Number of protein chains: 2
Amino acid sequence: MSYQKLVERFQQIHRIDHAMTFLSWDQMVMMPERGNDARSSSIAELASMKHKLLTAEEVAGWFDNADASADNLQSVSLREMQRVWRQATCLPADLVVAKIKAGSKCEHGWRTQRTANDWTGFVANFREVVELGREEASLRLESNDKLSTPYEALLDLHSSGDSQVLIDGVFKALRKELPGLLVEIREHQASRPPIVVAGEFALAKQQALCEELMRVLGFDFSAGRLDQSMHPFSTGVAGDLRVTTRFRNNEFIEALNATAHEVGHASYEGGLPAHLEGLPVGAHRNMCIHESQSLLFEKQICISKSFTGFFAERIHKHLEDSKNISSENLWQLMTKVEPGYIRVEADEVCYPLHVLLRYEIESALINGDLEADEIPEIWDQKMTDYLGLSTKGNYKDGCLQDIHWTDGAFGYFPSYTIGAVNSAQIFGAMCSDHPDWQSRFASGDLDFVREWLEDKIWSKGCELTSQELMRHATGQATNTDAYLGHLRARYLEETH
Amino acid sequence: MSYQKLVERFQQIHRIDHAMTFLSWDQMVMMPERGNDARSSSIAELASMKHKLLTAEEVAGWFDNADASADNLQSVSLREMQRVWRQATCLPADLVVAKIKAGSKCEHGWRTQRTANDWTGFVANFREVVELGREEASLRLESNDKLSTPYEALLDLHSSGDSQVLIDGVFKALRKELPGLLVEIREHQASRPPIVVAGEFALAKQQALCEELMRVLGFDFSAGRLDQSMHPFSTGVAGDLRVTTRFRNNEFIEALNATAHEVGHASYEGGLPAHLEGLPVGAHRNMCIHESQSLLFEKQICISKSFTGFFAERIHKHLEDSKNISSENLWQLMTKVEPGYIRVEADEVCYPLHVLLRYEIESALINGDLEADEIPEIWDQKMTDYLGLSTKGNYKDGCLQDIHWTDGAFGYFPSYTIGAVNSAQIFGAMCSDHPDWQSRFASGDLDFVREWLEDKIWSKGCELTSQELMRHATGQATNTDAYLGHLRARYLEETH
């Protein structure tokens with residue numbers, strides 16, 4: 001009875017989430033500029049109604065009376081409801097308001113301070129964001145006795161189930177191996193001739209090409225769309241998945257990579273268990289799993305040698321000016337490794353090093369071992385150590401480049417790299433079950449990958465914890481073996 | 001204090017309406033087919049939350065305590081809030097549910113019964129829709145002592161402020177004049193040579209052409225968009241107006257007419273008083289005024305001789321295959337009069353006759369003077385009398401052609417024709433203030449029309465009742481003089 005009431009309340013909240021999801025999609029993809037104020041007010045109204053429904057007094061009573069010893073599905077469903085509910089109720093309203101105010105002030109300032117390389121102006125706002133982040137972390141830590149540090153309480157918002165011990169272990173291994181591997185790979189690639197992409201790539205033709213890629217990847221256009229937006233993203237619900245990408249008219253690789261990445265995210269959402277729709281137990285597991293799916297589609301599948309060998313012909317068919325780029329050249333373009341300042345432009349070898357330094361800085365910041373004012377110095381030092389690039393005095397391409405910290409979203413960065421590590425591990429397990437994967441990719445056959453992922457990952461929703469899920473799919477907890485092995489094989493031995 | 005609480009509640013409801021508006025737009029314009037179930041559930045959830053907020057017990061108390069003798073704006077604001085609130089509260093919940101059930105069953109059946117010319121199947125469902133419509137009408141009549149018949153209580157939902165006496169007067173005059181005028185016009189046009197539109201009109205080029213028309217009509221693309229949909233419509237809010245049209249690739253006139261029509265609706269919404277946004281007093285007056293604005297843009301402006309003279313060149317610029325159609329030919333095409341079976345395809349001379357027969361039938365139906373089973377016979381008789389076409393045995397092009405009655409939306413049809421009549425009357429008043437209108441249209445100058453409409457109509461919201469508004473804008477209550485004069489001048493004297 002109490003459980004059934006919780007189910008109804010969460011399903012009601014899900015219908016409000018649906019509304020917010022598509023209003024936000026429209027805001028980013030379709031809405032004319034003068035529509036923004038009314039749209040933001042409407043979304044805020046729905047968020048407030050949702051919060052009231054989730055934190056209403058009767059909900060606590062339903063949790064007290066719900067039978068957690070019922071069948072297994074009901075008890076894990078309750079566990080996941082409680083997780084969502086605890087995260088929504090453990091902060092006092094005045095802290096939430098203070099966070100939103102300080103965060104939006106800091107983010108608003110950052111939009112011009114970044115361009116102006118103005119660290120002093122930024123840090124004046126940012127100190128309060130850090131203070132409130134620490135306060136939030138310590139309250140969240142108190143609310144859950146499974147957590148051991150304030151920073152872990154923020155990690156838990158995005159990487160629920162992946163402990164700080166596990167995440168620390170991953171980063172420790174990467175810190176040890178990656179900088180040396182990067183040097184080796186750079187030497188190995190030094191003899192590659194430069195390949196130039198030049199020409200006019202009309203947006204309508206790139207759209208058609210990206211839609212063809214999506215069809216090859218198994219995307220169903222009766223249950224989703226592809227549009228353009230400033231930053232590629234994926235949102236929606238099963239049956240109505242909204243993928244976006246962006247196009248440049250002088251090159252086409254960025255749009256293809258972004259499309260593949262977002263199709264990975266969308267495929268996961270589309271494959272979640274339909275019979276649990278609207279309940280927390282039927283949702284995606286955490287961002288480390290979500291990101292593993294997007295990277296699996298983007299990096300493991302779409303820039304593999306066998307797939308680029310297959311897909312080059314489709315690119316040539318759609319884009320006249322791409323014909324001088326052979327499938328071998330295409331693969332070399334897509335696997336070129338080169339350290340740079342900017343995280344979002346990084347290749348799969350350098351990317352984890354960008355995340356590593358952010359992880360080290362934000363965990364120290366939240367746990368009280370580092371102050372906001374010390375960031376530029378430590379950023380420069382770590383960029384020099386890990387990537388051989390100094391950011392001294394260059395804040396805009398250094399510690400001011402990301403939006404995440406500006407509104408206090410600490411604890412998100414690690415999911416990018418745990419996702420990459422999971423991705424290689426999951427893909428490796430899939431390949432063990434399908435040793436002929438390369439010949440199948442070479443003929444454009446990818447259905448078996450979707451079936452495998454749906455069975456092992458997507459259809460599980462949140463029934464398993466993240467590490468139960470990794471063990472179920474790969475036989476092991478998250479670890480760096482597969483990822484490092486993948487990098488060596490692809491970038492030194494050039495096997496795939 | 002109580003008034004302020006009402007203001008806050010209505011503004012909150014407005015933010016929920018915003019969400020429903022754009023979710024519905026997306027459903028009709030963007031959503032892939034498999035998204036429909038989840039979307040409908042989400043919209044229904046918001047509608048239910050809105051209904052609860054509007055009909056909550058405290059609201060009645062606020063109305064009791066609000067000071068209606070305060071300043072004029074507050075008292076008309078209260079009047080309009082009460083109108084909305086009474087319409088939402090005067091029906092018992094079980095009747096609302098029964099109406100939705102019977103209506104959606106009947107509409108669902110109609111979608112195949114119409115094609116199959118199956119009146120017997122249709123009327124089996126439709127009898128209950130009529131019964132419930134009568135019940136609704138009698139309850140609405142009881143709730144408002146300004147209404148005199150059950151049918152007027154349904155008219156009031158769409159034509160609020162325009163009494164049945166006034167509407168009867170309009171239709172009486174049209175019944176007397178139009179059939180004869182139609183014969184005269186047909187004779188006058190008999191000598192026109194046929195003009196053939198032939199060619200390929202690419203959709204992307206038609207889109208660009210329609211956007212150009214919108215710009216000429218003063219539409220601001222930083223505050224709105226043009227898209228395609230199955231049936232053209234306009235929705236949104238000031239700052240974010242969503243207009244749709246549809247394209248055929250073998251002709252271009254339908255898309256232009258539909259675009260102009262919807263821009264009229266959108267311009268009215270965009271010109272409503274910004275300082276009253278979110279309150280009933282700041283909304284559009286009624287559907288007779290709304291339709292007057294769409295028809296003013298479509299019929300009074302865009303198919304006038306002076307405007308087609310100006311715009312033909314733009315059409316030729318965008319559409320290669322239109323170049324053999326001179327501006328004179330274009331005007332003849334757009335003003336061709338020819339009776340037909342289908343209301344939505346009718347020209348401005350025939351259209352009111354289609355509405356007249358529906359008005360006579362639905363008012364008799366709701367007032368209990370006619371039964372559902374008698375409709376086909378009376379339909380055939382009136383079509384023969386008014387338009388010289390028999391629909392005997394031809395239900396699909398007769399009484400089964402419209403969607404309106406299937407779910408019980410009785411009382412809507414008249415607003416199309418009162419709108420047309422208002423439109424000519426309002427346009428006539430505008431022309432009196434700007435006697436040089438034709439030379440200005442001929443150079444594409446339309447800003448003065450928008451300024452005049454904004455001043456006289458749009459900026460008034462619901463501060464005036466509909467007939468106060470007509471008198472304010474035109475010096476007279478709604479009457480057919482201007483409309484009949486317009487038809488004679490355009491179709492017999494060919495002055496404009």
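You'll find the structure just up there.
Residues numbered from 1 in each chain as written. Chains lettered and ligands numbered in written order. Predicted model: local features only at pLDDT ≥ 70, side-chain atom pairs only at ≥ 80, totals over all residues. Heavy atoms only, no water.

Draft legend 1. Region of the structure containing the overall build of chain A. Along its length, chain A carries 20 helices and 3 strands. For a compact globule of 496 residues, the expected C-alpha radius of gyration is about 23 Å, and chain A comes in at 23 Å, within 12% of that figure. Overall, the C-alpha framework of chain A stretches about 65 × 50 × 50 Å when taken along its three principal axes. Across the 496 residues that make up chain A, the buried fraction comes to 57%. Taking all contacts inside chain A whose residues are at least 6 apart in sequence as the whole, residues at least 24 apart take part in 73%. With the model as given, the accessible surface of chain A reaches about 20200 Å², and the carbon-plus-sulfur share is 50%. (Helix = DSSP H or I, 4+ residues; strand = E, 2+ residues; numbered from the N terminus. Rg over C-alpha atoms; globule rule 2.2 N^0.38 Å. Buried < 20%, exposed > 50% of the residue type's maximum accessible area, 1.4 Å probe, protein only. Contact = heavy atoms within 4.5 Å. Areas by Shrake-Rupley, 256 points an atom, 1.4 Å probe, with all protein chains shown as cover.)

Draft legend 2. Examining empty space enclosed by the protein more closely. Residues and elements named next belong to chain B. Per the stated rule, a full pass over the model turns up 9 cavities of 30 Å³ or more. Looking at the largest cavity, its volume works out to about 90 Å³. In terms of lining residues, the largest cavity is bounded by Leu213, Leu256, Asn257, Ala260, Cys302, Ile303, Phe307, Thr308, Phe311, Ile315, Leu330 and Met334. Looking at the lining of the largest cavity, the elements with two or more residues in it are helix H10 (253-270), helix H12 (305-318) and helix H13 (327-334). (1 Å grid on protein atoms, 1.4 Å probe; cavity = no way out; pocket = protein on both sides within 12 Å on 5 of 7 lines; lining within 4 Å. Points joined across faces, edges and corners; volume = space filled by probe spheres on them.)

Draft legend 3. The arrangement of the pattern of salt bridges in detail. A full pass over the atoms with the stated rule returns 74 salt bridges over all chains. A salt bridge links A:Glu254 to A:Arg246; its shortest N-O distance comes to 2.7 Å. If you follow the salt bridges from partner to partner, you end up with A:Asp26, A:Arg39, B:Asp240 and B:Arg242 in one network. (Salt bridge = Lys/Arg side-chain N within 4 Å of Asp/Glu carboxyl O.)

Draft legend 4. Structural context of the pairing of strand E3 (residues 240-245) of chain B. Residue and element names in this part refer to chain B. Among the 6 residues in E3, 6 count as buried, and that is most of the element. Side chains of E3 alternate between two faces, with Asp240, Arg242 and Thr244 and Leu241, Val243 and Thr245 buried alike. With 5 bridges connecting them, strand E1 (residues 224-228) and E3 associate as parallel partners. Bridge assignment links Arg225 to a residue of E3, and that residue is Arg242. Hairpin connection from strand E2 (residues 234-237) to E3: 2 residues lie between these consecutive antiparallel strands, with Gly239 at a positive phi of about 95°. (Pairing = 2+ DSSP bridges.)

Draft legend 5. Main features of the sheet that holds strand E3 (residues 240-245) of chain A. Residue and element names in this part refer to chain A. Spatially, 3 strands are ordered E1-E3-E2 in an open sheet, and the strand pairing comes out mixed. Across the chains shown, the open sheet's two edge strands, defined by having one partner strand only, are strand E1 (224-228) and strand E2 (234-237). Each neighbouring strand pair of the sheet contributes to a mean axis angle of 15°, computed without reference to strand direction. Along the sheet, helix H1 (residues 2-29) makes contact with E1, E2 and E3, crossing E2 at roughly 145°. (Axes fitted to C-alpha atoms, helices over the stretch in contact; angles between N-to-C directions.)

Draft legend 6. Just a negative patch on the surface, in detail. A contiguous patch of negative charge, built from A:Asp447, A:Glu451, A:Glu454 and A:Asp455, is present on the exposed surface. By the secondary structure assignment, A:Asp455 is in helix H18 (residues 447-456). (Patch = residues over 30% accessible without salt bridge, like charges linked within 9 Å, V, L, I, M, F, W, Y side chains within 5 Å. Lys, Arg positive; Asp, Glu negative; His and termini not counted. Charge placed at Lys NZ, Arg CZ, Asp CG, Glu CD.)

Draft legend 7. Focus on the sheet that holds E3(B). Residue and element names in this part refer to chain B. Taken together, 3 strands build an open sheet; the order of strands is E1-E3-E2 and the sheet is mixed. Both edges of this open sheet fall to E1 and E2, since each of them pairs with a single strand only. Neighbour-to-neighbour, the strand axes of this sheet turn through a mean angle of 15°, independent of strand direction. Sheet strands in contact with helix H9 (residues 203-216) are E1 and E3, and its direction is about 145° off that of E1.

Draft legend 8. Highlighting helix H7 (residues 150-159) of chain A. Residues and elements named next belong to chain A. Of all 10 residues in H7, 8 are buried, a share of seventy percent or more. Three or more residues of H7 are buried, namely Tyr151, Glu152, Ala153, Leu154, Leu155, Asp156, His158 and Ser159. Those residues of H7 that are buried lie in contact with helix H4 (72-89), helix H6 (119-142), helix H8 (164-189), helix H11 (287-302), helix H14 (351-366) and helix H16 (414-433).

Draft legend 9. How the structure looks around the interface of chain B and chain A. If you look at the interface, chain B gives 32 residues, while chain A gives 32 residues. Of the roughly 2700 Å² buried between chain B and chain A, counting both surfaces, carbon and sulfur atoms make up 58%. Our count for the contact surface shared by chain B and chain A stands at 8 salt bridges. A salt bridge links B:Glu45 to A:Arg15; its shortest N-O distance comes to 2.7 Å. Across the contact surface, chain B and chain A share 20 residue pairs in polar contact (both at pLDDT 80 or more). When residues of the side of chain B that touches chain A are traced back to their parent elements, those giving at least two are helix H1 (2-29), helix H2 (36-55), E1 and E3 of chain B. Looking at the side of chain B that touches chain A, the element that brings in the most residues is H1(B), giving 9 residues. Looking at the side of chain B that touches chain A residue by residue, the classes come out as 14 nonpolar, 8 polar and 10 charged. (Buried area = accessible area lost by both parts, 1.4 Å probe. Polar contact = N/O pair within 3.5 Å; in protein donor to acceptor, adjacent residues only side chain to side chain. Nonpolar A, V, L, I, M, F, W, Y, C, P; charged D, E, K, R; others polar.)

Draft legend 10. Quick look at the environment of B:His108. All names here are of chain B. When you line up the elements, His108 lands in helix H5 (residues 93-113). Its relative accessible area of 61% is what places His108 among the exposed residues. Distance from His108 to Thr406, taken between C-alpha atoms, is 8.6 Å for residues 298 residues apart in sequence.

Draft legend 11. Here's a closer look at the relation of the copies chain B and chain A. Rotating chain B by 180° and translating it 0.0 Å along the rotation axis places it on chain A, where the RMSD comes to 0.0 Å. When the rotation and shift are considered jointly, the pair of chain copies conforms to a two-fold rotation axis. Taken as a fraction of all interface residues of chain B, those also at the interface in chain A reach 100%, which identifies the copy contact as same-surface. (Least-squares fit on C-alpha atoms with pLDDT ≥ 70 in both.)

Draft legend 12. Broad picture of the packing of helix H2 (residues 36-55) of chain A against H1(B). In the contact formed by H2(A) and H1(B), the axes pass within 9 Å of each other and the chain directions differ by 105°. Comparing the axis directions of H2(A) and H1(B) gives the class roughly perpendicular. The segment H2(A) lies against H1(B), with A:Ala38, A:Arg39, A:Ser41, A:Ser42, A:Glu45, A:Leu46 and A:Met49 engaging B:Gln12, B:Arg15, B:Ile16, B:His18, B:Ala19 and B:Phe22. Across the contact of H2(A) with H1(B), the residue classes tally to 6 nonpolar, 4 polar and 3 charged. (Parallel < 35°, antiparallel > 145°, perpendicular 65-115°, else oblique.)

Draft legend 13. Region of interest: the packing of aromatic side chains. A full pass over the atoms with the stated rule returns 44 aromatic pairs over all chains. Between B:Trp379 and B:Trp405 the ring centres are 6.1 Å apart and the planes differ by 90°, which places this aromatic pair in the edge-to-face class. Here B:Trp405 lies in the loop between helix H15 (375-387) and helix H16 (414-433) and B:Trp379 lies in helix H15, a separation of 26 residues in the sequence. For the pair B:Trp379 and B:Trp405, one class covers both residues: buried. Aromatic rings pair up to connect A:Trp119, A:Phe122, A:Phe126, A:Tyr351, A:Trp379, A:Tyr395, A:Trp405, A:Phe410, A:Tyr412, A:Phe413 and A:Tyr416 into one cluster. Sitting above the plane of the B:Phe22 ring, A:Arg39 keeps its charged end 4.4 Å from the centroid. (Phe/Tyr/Trp six-rings, centres within 6.5 Å; stacked < 30°, edge-to-face > 60°. Lys NZ or Arg CZ within 6 Å of the ring centre and 35° of its normal.)

Draft legend 14. Highlighting the nonpolar core. Of all hydrophobic cores here, the largest spans 120 residues; its most connected members are B:Phe126, B:Ile301, B:Phe307 and B:Ile375. With 119 residues, the next largest nonpolar core counts A:Ile253, A:Val337, A:Ala372 and A:Phe413 among its residues. (Core = buried A, V, L, I, M, F, W, Y, C linked by side-chain atoms within 4.5 Å.)

Draft legend 15. Representation of the pairing of E3(A) within the structure. Pairing analysis gives 4 bridges linking E2(A) to E3(A), with the strands arranged antiparallel. Along E3(A), the bridge assignment pairs A:Ser234 with A:Val243.

Draft legend 16. Here's a closer look at the side chain of B:Glu45. When you line up the elements, B:Glu45 lands in helix H2. Residues contacting B:Glu45, with those up to four places away along its chain left out, are A:Gln12, A:Arg15 and A:Ile16.

Draft legend 17. Inspection of the side chain of B:Asn422 at higher detail. Residue and element names in this part refer to chain B. Structurally, the position occupied by Asn422 is in helix H16. The exposure class of Asn422 is buried, given its relative accessible area of 0%. Polar side-chain contacts of Asn422 include one of 3.4 Å to the backbone oxygen of Cys288. Excluding residues that lie within four positions of it along the chain, Asn422 makes contacts with Cys288, Ile289, Ser292, Met470 and Thr478.

Draft legend 18. Summary view of the packing of H8(A) against H16(A). Residue and element names in this part refer to chain A. At a minimum axis distance of 11 Å, the contact between H8 and H16 shows a crossing angle of 75°. The orientation of H8 with respect to H16, classified from their angle, is roughly perpendicular. Side by side, H8 and H16 meet where Ile167, Val170, Phe171 and Leu174 of the first sit next to Pro414, Thr417, Ile418 and Val421 of the second. Grouping the constituent residues of the contact of H8 with H16 by class yields 7 nonpolar, 1 polar and no charged.

Draft legend 19. Expanded view of the state of the cysteines. Under the definition given, this model contains 0 disulfides over all chains. Free of any disulfide, A:Cys90 has its nearest cysteine sulfur in A:Cys462, 18 Å distant. There is no disulfide at B:Cys106, and the cysteine sulfur nearest it, in B:Cys399, is 12 Å away. By relative accessible area, B:Cys106 is classed as buried at 0%. (Disulfide = S-S within 2.5 Å.)

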